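The residues making up each chain are set out below.
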Amino acid sequence: SHGKPFPGPFAVLETNHLRGQQALAALSTNSELVIAKNSSHAIPLEEPQLVLDAIARVVTEARRLRG
């Protein structure tokens, strides 16, 4: 999830954004909500290493569970 608030007229979307992201993550018993502190909506462009690290964690966990 983005860490920088939405700009201008979109700022109203911030009201429940984090709560919605938390609820979405809670749908799984094996999830992690990652906050991209230095990003707005373009996380893959603004913090690509954060995305790569998250993908690596998913792959590692999938391989571990697969045995």
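For clarity, every value in this text was computed on a predicted model and none was experimentally measured. (Residues numbered from 1 in each chain as written. Predicted model: local features only at pLDDT ≥ 70, side-chain atom pairs only at ≥ 80, totals over all residues. Heavy atoms only, no water.)

**Quick word on the overall build of the protein chain**
At step 1: Along the backbone of the protein chain there are 3 helices and 0 strands.
At step 2: Order of helices (α) and strands (β) in the protein chain, N terminus to C terminus: α-α-α.
At step 3: The C-alpha radius of gyration of the protein chain comes to 14 Å, more than 25% above the 11 Å expected for a compact globule of 67 residues.
At step 4: Along the first, second and third principal axes, the C-alpha atoms of the protein chain reach 50 × 25 × 10 Å.
At step 5: In the protein chain, which comprises 67 residues, the share counted as buried stands at 13%.
At step 6: Sequence-distant contacts in the protein chain: of pairs separated by 6 or more residues, those separated by 24 or more amount to 44%. (Helix = DSSP H or I, 4+ residues; strand = E, 2+ residues; numbered from the N terminus. Rg over C-alpha atoms; globule rule 2.2 N^0.38 Å. Buried < 20%, exposed > 50% of the residue type's maximum accessible area, 1.4 Å probe, protein only. Contact = heavy atoms within 4.5 Å.)

**Observations concerning the side chain of His17**
At step 1: The residue His17 is located in helix H1 (residues 14-25) in this model.
At step 2: Side chain to side chain, His17 and His2 meet in a polar contact 3.2 Å long.
At step 3: Leaving out residues up to four positions away in the same chain, His17 has contacts with Ser1, His2 and Phe6. (Polar contact = N/O pair within 3.5 Å; in protein donor to acceptor, adjacent residues only side chain to side chain.)

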